[in-house]
Amino acid sequence: MQEKRQRGGKQVEKKTALITGAGSGLGSGIACVLARSGYDVAIHTGTNVERAQALAESLAAECGVRAEVFSADFSQAGGAQRLFAQFRERFERLDLFVNNAGITKGGPILQMTEETFDLVHNVNWKNAYFSVQQAASIMVETKTAGNMVIISSNNHAMNWYGASVYATVKEALVKFTRHAAMEFAQYGIRVNCIAPGLIATDMVAGLPEEQVEAYRLTIPLQRLGTP
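Residues numbered from 1 in each chain as written. Predicted model: local features only at pLDDT ≥ 70, side-chain atom pairs only at ≥ 80, totals over all residues. Heavy atoms only, no water.

Enquirer: Describe in detail the nonpolar core, supporting the description with residues and values.
Expert: Formed by 27 residues in total, the largest nonpolar core has its most connected members in L94, F97 and M148. Contributing elements (two or more residues each) for this core: helix 3 (79-90), helix 4 (114-141), strand 7 (147-151) and helix 5 (164-184). For this core, the element with the most residues is helix 4, which contributes seven residues. In this structure L94 touches T16, A17, L18, F84, F87, A135, I138, M139 and T144, once residues within four positions along its chain are discounted. Judged by nonpolar contacts, the second largest core, of 24 residues, contains I19, I30, C32 and I43. (Core = buried A, V, L, I, M, F, W, Y, C linked by side-chain atoms within 4.5 Å. Buried < 20%, exposed > 50% of the residue type's maximum accessible area, 1.4 Å probe, protein only. Helix = DSSP H or I, 4+ residues; strand = E, 2+ residues; numbered from the N terminus. Contact = heavy atoms within 4.5 Å.)

Enquirer: Give me helix 3: which residues, what numbers.
Expert: When the terminal C-alpha atoms of helix 3 are compared, their 17 Å separation across 12 residues agrees well with the 16 Å that a helix rising 1.5 Å per residue should span. When we look at burial in helix 3, the residues that qualify are G79, A80, L83, F84 and F87. One side of helix 3 carries all its buried residues, which in axial view fall inside an arc of 120°. Those residues of helix 3 hidden inside the fold are in contact with strand 3 (16-19), strand 4 (40-45), strand 5 (67-71), strand 6 (96-99) and helix 4. (Expected span 1.5 Å × (residues − 1). Arc of directions from axis to C-beta.)

Enquirer: Any details on the side chain of T144? Residues and values, ideally.
Expert: Among the structural elements, T144 can be located in the loop between helix 4 and strand 7. Not counting chain neighbours up to four residues away, the residues in contact with T144 comprise R93, L94, D95, M139, Y187 and I189.

Enquirer: Describe in detail the pairing of strand 5, supporting the description with residues and values.
Expert: Sheet topology note: the strand 4/strand 5 ladder contains five bridges and is parallel. Paired with I43 across the bridge in strand 5 is V69. Of the crossover connections in this fold, the one passing from strand 4 over helix 2 (residues 49-63) to the parallel strand 5 is right-handed. (Pairing = 2+ DSSP bridges. Right-handed = clockwise from strand over helix to strand, strands pointing away.)

Enquirer: Any chance you could break down the packing of aromatic side chains for me, citing the residues and the numbers?
Expert: In total, this model carries nine aromatic pairs according to the counting rule given. Within the aromatic cluster, the residues linked to one another by ring pairs are F70, F84, F87, F91 and F97. Above the ring of F91, the side-chain terminus of R66 is found at 3.9 Å from the ring centroid. Over the aromatic face of F70 sits the side chain of R90, whose NZ or CZ is 4.3 Å from the ring centroid. (Phe/Tyr/Trp six-rings, centres within 6.5 Å; stacked < 30°, edge-to-face > 60°. Lys NZ or Arg CZ within 6 Å of the ring centre and 35° of its normal.)

Enquirer: An account of the sheet that holds strand 7 is needed here, citing residue identities and associated values.
Expert: With parallel pairing, six strands are arranged side by side in an open sheet as 5-4-3-6-7-8. Sheet topology places strand 5 and strand 8 (190-194) at the edges, where each strand pairs with a single neighbour. The mean inter-strand angle of the sheet, taken between neighbouring strand axes irrespective of direction, is 15°. The pairing of strand 7 with strand 8 spans five bridges and is parallel. Bridge pairing in strand 8 places N147 opposite R190. Along the sheet, helix 1 (residues 25-36) makes contact with strand 3, strand 4, strand 6 and strand 7, crossing strand 3 at roughly 175°. Across the sheet, helix 2 touches strand 4 and strand 5, and the angle it forms with strand 4 is around 170°. (Axes fitted to C-alpha atoms, helices over the stretch in contact; angles between N-to-C directions.)

Enquirer: Can you break down the confidence of the model for the protein chain residue by residue, with the values?
Expert: The pLDDT averaged across the protein chain works out to 91; a share of 95% of its residues lies at or above 70. In the model, residues 7-11 has pLDDT below 50 throughout and makes five contacts with residues more than four positions away in sequence or in other chains. (pLDDT = per-residue confidence, 0-100.)

Written out as structure tokens, the structure reads:
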């Protein structure tokens, strides 16, 4: 059963948020913000299970919320279905779904391989599509007027060398958001998209300093975003 808490003298159910790709980087930052706002959090990870578990334990201790870890490989078909099968076993409701999982991988069109193409599409697009489908199904079944946030990238509107696959998929997420928002409005479900630029995460910290600096200089505020 979902835990209840006091608010204004009344017993209310805690809200639950599921964040994909929350084992590190932007996703873990989103999980922290939501837990500190009182959400129980379901933390999905593909490969960072130990880090995700450490994050869950930290948030449970710090915020007094329920924090659970789910592992599903989005590089393979059916990853979304496996994730939500686990989620349904341990949670009864879903109020907020954040589709954050993604990888940054690419290369020139002339050198692009089907392996890289399929990997980017499976993680960033196919499993994103079906994660939204699964999340909406839960909200509809439980009559929850929930909220979804799909994380795209400012690459969707840019033309960077070597980003043909990654950027095209990110544009697909923007278009998909409009369709999902239109179709799910009848259930009171809101769907929005965020397309951030470069965010200061561990992954970015591992990039060559000159590459990050060159990107920073293209930003009007001359700084990276933070989770």
